[in-house]
Amino acid sequence: MITARAAATFDPVARSVATARAFVRDTLQGWGYTDVVDDAVVLTSELVTNAVIHAGTAADVLCLRTEDGVRVEIADHYPEREIPLQPAALDLGSMDSENGRGLLLCAALASRWGVEYSPTRKHVWFQLDLPDRPVGVRSAGPLLPVGLLPVTDERVRVAVVQVDSEGAVAAWNDDAAYLFGHTADQVLGKQLTDFTAWPQTPGTSTGIADALRLSRWEGSYGIRGADGRTIPVYGSHLRVRDPQGEPSTVCLLVRDYERAVLQTPVRAPVSDTAESRKTDPFEVFIGSPAPDDLDGLLQRTVERARDMLDADAAFLLLATDDETELEVRATTGLPSARQRFARVPVEAGTGRYGSARMPAVHEDLDAVPGAVPLLGNTGMRSVVTVPLKVEGRLTGSLGVAAEAAGRYSNEEALRLQFAADRIALAVESARLGELERLRRGSLSFLVEASDLLAGTLDRDQTLALMAQMTVPTLATWCAVYTIADPASDPELSYVLHEDEERIDGLKSLLTRISPPEPVRTPGARVWAAPSEAAHEAALRTSMRSIGIGDAGGLGSTTRTTLATAAAVGGETVVLPLVARNRVIGMLTLGKPSDDHFRQEILELAEDLSRRAALALDNARLYSERTAISQSLQRSLLPPGLPAVPNVEVDVIYRAAGEGNEVGGDFYDVFPIRDGAYGFAIGDVCGTGPEAAAVTGLARHALRLLAREGFAGPAVLERLNAAILDEGTRSRFLTLLYGELWPQEDGSALLKVVCAGHPLPLRLRQDGSVEPAADPQPLLGVMEDLELYEQEFTLEPGDVLLCVTDGVTERREGTRMLGDDGLADVLAHCTGLTAGAVAARILRAVERFAAEPPSDDMAILTMRVPEPQ
């Protein structure tokens, strides 16, 4: 029999879900059906969400009161719904999907439920039966045999102690004096904590002082009696205020074994049947199956907590490893993009509750500004928060909030705490699993980053790698500042954003503000300048654009400025790049508007910055060494070739190293006196500074001795002596030295000495190739050398080819180009200019093997042109 009804229609907007929850809650509480209010609100929230959000139509809610329960019907107006023509198994869907969850909850919570279709509407209804309780009794236990009743003394004494707002005892009744041995005169005005022995939980700071500030509390502790012994008691505390508004706490205390007198009866355990196991409280609260990932579990938790207490918003924070801070991980009804991963201290707060380790109820946040920092400027007025604990350790905090003041009391805190206790272990398990995955991923990331950074010694490439490894893995954008020397200011060297269209605007913004201060202190520090500059620029741009009617009229500069402000408006952190006890730069990471970095990401970025700093400094040192080596190499080679009358001269020089070592090959062509020119090509054993010393000595000594009028053998013998004078620093040297005299008939007279060097080859006009000199001992080995020079004439069209052993010893496996291979290549160069001959020789050497040359090469060609 229906004894009352209430109906309402809700528009298809998101706010209607909360309004529908409030309608059902107020209706059922007005009927006195408080026992089924929570389940009815949860089911209504899911079904109305399906109607106004997913179906996109108005929702009709009808509440019907019967003698033994309540029936709630929710109908939508979706016109294109197909009507089932025959009974079929109803697919309830998955709890992880966007639809079907309401039907799953109906199956889990409702006594009966069903779905009814009409051509234009769908009705989902559920029936909730009232629990079988005696009328007018809040709770009752079963009849028990006398032997099972709790044991007390002959007279049960209840100590009544009142404690003022400062924690001092204001009232002490006769039963308190009897139980503890202290008279009222002995305790009045003294702190209650002076007489209590509080059972501390390891790792927490919660004590009797915290319990006295709660609106209601119940539990065990100890009172020190007059004889010094601790008497275990069970207490029930209620916080009240007098007509003047002064708060105090009334404590009712009995002996601990008489706790049944005060203890609030707990719910009877559900029988261990298949049906009860199927409706586990955790699964009923979270939904079955529970999300596998931590973020999904947390988001489901805050949504259920909001629905359970008919709240406008809910949030869940997880404790950091050291339990000193709480990190926002899930919200609903709040600007989550701004709050996600934000951190608040555990012990913060200026209201009645200074710790997140205990439940807290704030009736009006306007009266205690800053009590819940997370809710600042959100419009929320009342809030209840409860801790998530596992084995006594704080692991997080769950809270719900409402826009109206005075919405929550200690009763809601107890209900929310019950839910938090059910999910705490699952959340902690998922958090530890996520942490392990993050640590493994971080290790893999750092190994890969180290390999990439170690694979290059180029400064610009190192800067690019640093930025590319952080974006978008660690941050939305990245900027790298470098410091050339301790006296220099930081310089913006590289900028990267995950959206390439934002890079130019970001670079322009960063160049307009002062760079961050180079501080050696390790770790990430917040840098507010980019966000402030971006917001100021956006504000100025918006003010200039007030007269524009629509966004389509905005100029490209305005759109770029606003987009940059959004991209840089979040948290920005700076990590120092420290290498060899010096700050060589800063790595700057940023997030988009109102976003925050996770601590795990910052720790990973700090580790990366240490590796990147060393790689960047190595690249700097390598670049400096390369520049020095290249400068030294250029100083060991002639600046240019002289113009020799009637003789073509060309040189090709290729260093095989990576640019950081000075090669041992050298060449020179220089005028000796009128009508005479000297030329040389040599190879010093080895590379590096020692080889460079011998190379410089040889080139400059050759010029000096030749211009003093010494003949070729005398020049090389004196050079040999100079090399030997270097002692242990000396290196042996192969050298081809010659002198050239252009003749009036168009030919050229040459005199050469080949000291241990590959023999020069002469290409005649008919294509024949022959050595132009005989081999003689190399320099830098023996003191007494008897060298001689050989004279020959280059006729018009003849070519003289001089090379170092990097050409003749070019290898491909077991094959080597050798003198014969070089001669074969030269034989096909008839009629080519000196430069063309040198280029063909180089091309043949490079093509001889697939691998790049491993030795320096010098190719010197001289050709007497044919008469025109």
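The structure displayed is predicted, hence computed values, not measured ones. In every chain, residue numbers begin from 1 and rise along the written sequence. Note on the predicted model: pLDDT of at least 70 is required for a residue's local features to be given, and 80 or more for side-chain atom pairs to be given and counted; whole-chain, interface and lining totals, by contrast, use all residues. Side-chain calculation: all heavy atoms of the structure are included, whereas hydrogens and water are not.

**Focus: the overall build of the protein**
Helix and strand assignments follow DSSP, with helices taken as H or I runs no shorter than four residues and strands as E runs no shorter than two, numbered in order from the N terminus. In terms of helices and strands, the protein carries 21 helices and 34 strands. Only protein chains enter the area calculation, which uses a 1.4 Å probe; residues under 20% of their type maximum are buried, those over 50% are exposed, and those in between are partly exposed. Taking all 868 residues of the protein together, the buried fraction comes to 48%. Two residues form a contact once any of their heavy atoms are found within 4.5 Å. Of the contacts made within the protein by residues no fewer than 6 positions apart, 62% connect residues no fewer than 24 positions apart.

**Observations concerning the nonpolar core**
Nonpolar side chains tend toward joint burial in soluble globular proteins. Within the largest apolar cluster, 54 residues are counted, with the highest numbers of intra-cluster contacts made by L716 and L779. The next biggest cluster of nonpolar side chains, apart from the first, holds 48 residues, and it includes F445, V480, L589 and A612. To form a nonpolar core, buried Ala, Val, Leu, Ile, Met, Phe, Trp, Tyr and Cys residues must be joined to one another through side-chain atoms within 4.5 Å.

**Observations regarding helix α9 (residues 294-308)**
In this model, α9 (15 residues) spans 21 Å end to end at C-alpha, consistent with the 21 Å of a helix rising 1.5 Å per residue. Where burial is concerned, most of α9 is hidden: 12 out of the 15 residues are buried. Restricting attention to buried positions, one finds in α9 the residues L294, G296, L297, L298, R300, T301, V302, R304, A305, R306, D307 and M308. D310 sits one or two positions beyond α9 and adopts a positive phi of about 50°. Here the expected length of a helix is defined as 1.5 Å per residue gap, with one fewer gap than residues.

**Concerning unusual backbone geometry**
Cis geometry is adopted by the peptide bond preceding P472, which originates at V471 and carries an omega value of 0°. Position of P472 relative to the elements: it lies in the loop between α12 (459-470) and β18 (477-482). The phi dihedral of D310 falls on the positive side, at around 50°, and the residue is not glycine. A relative accessible area of 7% places D310 in the buried class. The phi torsion at R580 lies on the positive side, around 55°, for a residue other than glycine. Checked against the element boundaries, R580 lands in the loop between β21 (572-579) and β22 (582-590).

**Side note on the sheet that holds strand β34 (residues 857-863)**
A pair of strands is considered paired only if DSSP assigns at least 2 bridges between the two. Spatial strand order, β23-β34-β31-β28-β29: five strands in an open sheet with antiparallel pairing. One side of each edge strand has no neighbouring strand; the edge strands of this open sheet are β23 (648-654) and β29 (769-771). Sheet twist, expressed as the average angle between the axes of neighbouring strands with direction ignored, equals 20°. As judged from the three bridges shared by strand β28 (residues 761-763) and β29, these two strands associate in the antiparallel manner. Residue pairing across strands places L761 opposite P771, the latter belonging to β29. Together, β28, β29 and β31 (799-803) form the strand contacts of helix α20 (residues 818-827), whose direction differs from that of β28 by roughly 20°. Fitted lines through C-alpha atoms serve as axes, helices being fitted only where they are in contact, and the angles separating the N-to-C directions of these axes extend from 0 to 180 degrees.

**Here we look at the pairing of strand β9 (residues 216-224)**
Here strand β8 (residues 196-197) pairs with β9 via two bridges, running antiparallel. Residue T196 lies in a different strand from β9, and its bridge partner there is I223. Here β9 pairs with strand β10 (residues 230-241) via nine bridges, running antiparallel. Within β10, the position partnered with W217 by the bridge is H237.

**Regarding the sheet that holds β10**
Taken in spatial order, the six strands line up as β7-β6-β11-β10-β9-β8 in an open sheet, and their pairing is antiparallel. Where the open sheet ends on each side, the last strands, each with one partner, are β7 (169-172) and β8.

**With respect to the packing of α20 against helix α21 (residues 834-848)**
Where α20 meets α21, the closest approach of the two axes is 10 Å, and the angle between their N-to-C directions is 135°. Here α20 lies oblique to α21, going by the angle between them. α20 and α21 meet at a crossing whose hand is right-handed. Judged by residue contacts, L822, V825 and L826 of α20 engage V837, R840, I841 and A844 from α21. All amino acids are sorted into three groups, where Ala, Val, Leu, Ile, Met, Phe, Trp, Tyr, Cys and Pro are nonpolar, Asp, Glu, Lys and Arg are charged, and the leftover types, Gly among them, are polar. Tallied by class, the residues present in the contact of α20 with α21 amount to six nonpolar, no polar and one charged. Each angle receives one of four descriptions, namely roughly parallel if under 35 degrees, roughly antiparallel if over 145, roughly perpendicular if within 65 to 115, and oblique otherwise. For a crossing to be left-handed, the near helix must be turned anticlockwise from the far one by less than a right angle; the clockwise case is right-handed.

**Notes on the environment of N646**
The residue N646 is located in the loop between α16 (599-635) and β23 in this model. When residues no more than four places from it in sequence are discounted, the contact partners of N646 are Q743, V864 and P865.

**A short note on the packing of aromatic side chains**
Working definition: a ring pair exists when centres of Phe, Tyr or Trp rings (six-membered ring for Trp) sit within 6.5 Å. Plane angles under 30 degrees give stacked, over 60 give edge-to-face, the rest tilted. For the coordinates displayed, the defined rule picks out four aromatic pairs. An angle of 80° between the planes, with centres 6.2 Å apart, marks the rings of Y481 and W527 as edge-to-face. In this pair, Y481 is assigned in strand β18 and W527 in the loop between β20 (525-526) and α14 (529-544), connecting sequence segments 46 residues apart. Among the residues examined, W527 registers a relative accessible area of 10% and is labelled buried. Over the ring of F848 we find R815; its NZ or CZ atom is 4.4 Å from the centre of that ring. Lysine NZ or arginine CZ positioned within 6 Å of the ring centre and within 35 degrees of the ring normal marks a charge as sitting over the ring.

**Considerations on the environment of V400**
Within the secondary structure layout, V400 lies in strand β17 (residues 393-402). Overall, V400 belongs to the buried group, its relative accessible area being 0%. The sequence separation of V400 and V361 amounts to 39 residues, and the corresponding C-alpha distance is 10.0 Å. Apart from residues lying up to four places away in sequence, V400 is in contact with A305, R306, L309, A311, A313, A314, F315, S382, V383, V384, Y408 and L416.

**Remarks on the environment of T3**
Mapped onto the elements, T3 comes out in strand β1 (residues 2-10). Note: C-alpha distance between T3 and T66 (63 residues apart in sequence) is 5.5 Å. With near-sequence residues (within four places) excluded, T3 lies in contact with R65, T66 and E67.

**With respect to the pattern of salt bridges**
When a carboxyl oxygen of Asp or Glu is within 4 Å of a side-chain nitrogen of Lys or Arg, the pair counts as a salt bridge. Inspection of the entire model under this criterion finds 34 salt bridges. D38 is the partner of R25 in a salt bridge, and the nearest nitrogen-oxygen pair spans 4.0 Å. Of the two residues, R25 is situated in helix α1 (residues 15-30) and D38 in helix α2 (residues 37-55); the sequence distance between them amounts to 13 residues. According to the relative accessible area criterion, R25 is buried, its value standing at 10%. You can call D38 partly exposed: its relative accessible area is 24%. Residue D617 pairs with R580 through a salt bridge whose shortest N-O separation is 2.5 Å.

**A short note on the confidence of the model for the protein**
Segments scoring low in pLDDT should not have their predicted coordinates read at a detailed level. Values of pLDDT, ranging from 0 to 100, describe the predictor's confidence in every residue of the model. Here the protein shows a mean pLDDT of 81. Residues at 70 or above account for 84%. The model gives residues 81-99 a pLDDT under 50, and that stretch makes 32 contacts with residues more than four places away or in other chains. In the predicted structure, residues 349-354 sits below a pLDDT of 50 and forms 22 contacts with residues beyond four places in sequence or in another chain.

**Comments concerning helix α13 (residues 503-512)**
Buried residues of α13: I503, G505, L506, L509 and L510, and no others. One side of α13 holds all its buried residues, which, seen down the axis, span an arc of 165°. Counted as exposed and oriented over 90 degrees from the buried face of α13: D504, T511 and R512. Here, the arc refers to the directions that run from the helix axis to the C-beta atoms.

**Thoughts on the pairing of β10**
The hairpin formed by β9 and β10 contains five residues between the paired strands, and G228 there has a positive phi angle of roughly 90°. Direction of pairing for β10 relative to strand β11 (residues 247-255): antiparallel, over a ladder of nine bridges. Residue V240 lies in a different strand from β11, and its bridge partner there is S248. The antiparallel hairpin formed by β10 and β11 contains five residues in its connecting segment, where G245 sits at a positive phi of about 90°.

**Quick notes on the packing of helix α11 (residues 410-454) against α12**
Between α11 and α12, the least distance of the axes is 10 Å, while the angle of their chain directions is 165°. Classified by the angle between their axes, α11 and α12 sit roughly antiparallel to one another. Pair α11 / α12 crosses with right-handed handedness. Packed against α11, whose contacting residues are F445, A449, L452 and L453, the element α12 presents T462, L465, M466 and M469 at the interface. Within the contact of α11 with α12, the residues separate by chemical class into seven nonpolar, one polar and no charged.

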